[in-house]
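# Working through the structure, step by step
Here's the letter readout for the chains.
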Amino acid sequence: MGKKEELVITDFRHEPDGSIVRTSALVDGEEIFFESVEAPAHRASVEPFIAMALLEAMVTGRNIRLVDAPALSERVRGVLPELQGVLSNWNSSLQRICIFGEATPAPDTPESVGSFFSGGIDSMHTLAENMERISHLVVSRGFDHDDDETGWQRRWSKQQHFAGEAGKNLVRVDTNARQWMESRRLTWRLGHGLYLSSVGSMLGFRTMLIPASHTYNELFPWGSHPVTDPMWSTESTHVEHYGASRRRTEKTEVVLRERLFADNLVVCWRSSSDNCGTCPKCVRTMLAIDLLGGGSTALPPCGPDTPMNVFDDVDEGLITFVDDLLFLAKERGRKDIERVMARYHRKYHRQVMVHALDEAMLGGMLRKAKWALRKPEWSTWRVNRRGH
């Protein structure tokens, strides 16, 4: 039997240039890079490269080998088998693999607390509840949007102004990690969590906060997760998944208490620096603000022209926000919003029922026929959140 093919991480480079530090490596023959500005202590760390390579290695059944690369954290190496167990439970097409390379305890880091920051409800809530604790906000280019240079510069300028007003240091991270993964048809819905939870040690934070997207009552396979995020903690960097004990509307209520936070919200799916006021993410935030009796100059107020019928494709991620708005609308006696959210709630659960009947009685025949006709983009991915 021939030697099993491996996924190799090699040609590791760490290039400081004043406040800008660039770390790169060839991962399976293609470069991945991480470039930071104003990080506390950008280290030559291999953990983010392993994180980005993990899904590719698991779906192809290839072990990862580090060649002329820094040592992996002993703590991370010890928990990687359990992390792979979680991922392979979510998606049965992922196989457990081994990682070959040196491992030592990660070096000490300065006393600093970073929090990833997009300007959305989750990250703004994390900042609002940890103002005394957080020293740095981390903005990552290309994480949610494919920013063009003009859009990115506008976003960066606005975040610099906000960080100055909030009295926080601002760290910028540029990376092609998402492009690398998506070029291989690996879903960013899993990949984003691997990126967020692994890069904190490279940036040199003692604690790295990752704002939660969902509550403990809404957990399902998702990249950033309270089970998997802390697994990337090293001997010197503690990774903390923050905010899963609060519903989105509860977080919004916290944010609305301070004008600085409320007036600097950026929640849009269509823009990285402004709010369109018509996309599903803008609308659900506007509805929550209206139900809570608050206000934000960053978003238009709700009115007769607010497009509430924008939640056409309600999946297990979006239904959590729909149900949250439904609960709050009932509590506040807002029948207009309650009726719309109740309609989406019923539609989603009808879809769940039909799917269950299809699987039980027809072996998924209807689902497969629908995919064949519609050809949704996610059906072409090599790795999704769940196997299919």
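Quick summary incoming for the structure in this document. Keep in mind that what you see is a predicted model, and the values were worked out from it rather than measured.

### Concerning the packing of helix 11 (residues 335-362) against helix 12 (residues 365-374)
For the pair helix 11 and helix 12, the least separation of the axes is 7 Å and the interaxial angle reads 115°. When the axes of helix 11 and helix 12 are compared, the pair comes out roughly perpendicular. Counting all contacts with helix 11, which are made through His355, Asp358, Glu359 and Leu362, the residues of helix 12 involved are Met365, Leu366 and Arg367. A breakdown of the residues in the contact of helix 11 with helix 12 according to their chemical character gives 3 nonpolar, 1 polar and 3 charged.

### A few points about the sheet that holds strand 6 (residues 99-100)
Strands in a sheet are paired, the pairing made by backbone hydrogen bonds, and the direction either parallel or antiparallel. As summarised here, the arrangement of the 10 strands in space is 6-4-1-2-3-10-9-8-11-12, forming an open sheet in which the pairing is mixed. Each of the sheet's edge strands pairs with one partner strand only, and the pair in question is strand 6 and strand 12 (238-242). When strand 8 (residues 113-116) meets strand 11 (residues 207-211), the two strands line up parallel, connected through 3 bridges. Paired with Val113 across the bridge in strand 11 is Thr207. Sitting on the sheet, helix 1 (residues 47-60) is in contact with strand 1 (6-17), strand 2 (20-27), strand 3 (30-37), strand 4 (63-66) and strand 6, with an inclination near 155° to strand 1.

### What about the packing of aromatic side chains?
Inspection of the entire model under this criterion finds 10 aromatic pairs. Their ring planes at 50° and their centres at 6.3 Å tell us that Phe116 and Tyr195 sit as a pair that is tilted. Placement of Phe116 in strand 8 and of Tyr195 in helix 6 (residues 188-203) is noted, with a sequence separation of 79 residues between them. An identical accessibility class is assigned to Phe116 and Tyr195; each is buried. Ring plane angle 20° and centroid distance 6.1 Å describe the contact between Trp152 and Trp156, whose orientation is recorded as stacked. Taken together, the positions of Trp152 and Trp156, both in helix 4 (residues 149-166) and 4 residues apart, correspond to about one turn of that helix. In this pair, the class of Trp152 matches that of Trp156, namely buried. Each residue in the set Phe12, Phe34, Phe49, Phe116, Trp188 and Tyr195 is aromatic and connected to the rest through ring pairs, giving one cluster. Taking the ring centre of Trp381 as reference, the NZ or CZ of Arg185 above it sits at 4.1 Å. Its end group placed over the ring of Phe321, Arg284 keeps NZ or CZ at 3.9 Å from the ring centre.

### Thoughts on the nonpolar core
If you look at the biggest cluster of nonpolar residues, it comprises 55 residues, and the most contacted ones within it are Ile9, Ile50, Met52 and Ile64. At 10 residues, helix 1 tops the list of elements feeding residues into this core. Among all residues touching Ile64, those that are not within four sequence positions of it are Leu7, Ile9, Ile50, Ala53, Leu54, Ala57, Ile97, Cys98, Ile99 and Phe100. Leu137, Ala262, Cys279 and Ala288 belong to the second-largest nonpolar core, a separate cluster that totals 50 residues.

### A few points about the environment of Gly101
Within the fold, Gly101 resides in the loop between strand 6 and strand 7 (103-104). For Gly101, a relative accessible area of 27% gives the class partly exposed. Sequence separation between Gly101 and Pro70 is 31 residues; the distance between their C-alpha atoms is 8.7 Å. Once residues lying within four places of it in the same chain are set aside, the contact partners of Gly101 are Leu66 and Arg77.

### Things to note about a nonpolar patch on the surface
Taken together, Met353, Val354, Leu357, Met361, Leu362, Met365 and Leu366 make up a surface patch of nonpolar side chains, about 730 Å² in accessible area. For the nonpolar patch, the elements supplying multiple residues, two or more each, are helix 11 and helix 12. Counting residues per element, the nonpolar patch draws most heavily on helix 11, which supplies 5 residues. Topologically, Val354 is positioned in helix 11. Assessed through its relative accessible area of 45%, Val354 is described here as partly exposed.

### Notes on the side chain of His225
Take His225: it is sitting in the loop between strand 11 and strand 12. Residue classification places His225 among the buried residues on the basis of a relative accessible area of 7%. A distance of 3.1 Å separates a polar side-chain atom of His225 from the backbone nitrogen of Val227.

### A short note on the pairing of strand 2
With 7 bridges connecting them, strand 1 and strand 2 associate as antiparallel partners. Among the inter-strand pairings, Pro16 is bridged to a residue of strand 2, identified as Val21. Relative to strand 3, strand 2 runs antiparallel, the two being bridged by 8 bridges. Residue pairing for strand 3: Thr23 is matched across the bridge by Phe34. The turn linking strand 2 back onto strand 3 is made up of 2 residues, and Asp28 within it adopts a positive phi angle of 55°.

Rules used throughout
Residues numbered from 1 in each chain as written. Predicted model: local features only at pLDDT ≥ 70, side-chain atom pairs only at ≥ 80, totals over all residues. Heavy atoms only, no water. Axes fitted to C-alpha atoms, helices over the stretch in contact; angles between N-to-C directions. Helix = DSSP H or I, 4+ residues; strand = E, 2+ residues; numbered from the N terminus. Parallel < 35°, antiparallel > 145°, perpendicular 65-115°, else oblique. Contact = heavy atoms within 4.5 Å. Nonpolar A, V, L, I, M, F, W, Y, C, P; charged D, E, K, R; others polar. Pairing = 2+ DSSP bridges. Phe/Tyr/Trp six-rings, centres within 6.5 Å; stacked < 30°, edge-to-face > 60°. Buried < 20%, exposed > 50% of the residue type's maximum accessible area, 1.4 Å probe, protein only. Lys NZ or Arg CZ within 6 Å of the ring centre and 35° of its normal. Core = buried A, V, L, I, M, F, W, Y, C linked by side-chain atoms within 4.5 Å. Patch = residues over 30% accessible without salt bridge, like charges linked within 9 Å, V, L, I, M, F, W, Y side chains within 5 Å. Areas by Shrake-Rupley, 256 points an atom, 1.4 Å probe, with all protein chains shown as cover. Salt bridge = Lys/Arg side-chain N within 4 Å of Asp/Glu carboxyl O. Polar contact = N/O pair within 3.5 Å; in protein donor to acceptor, adjacent residues only side chain to side chain.

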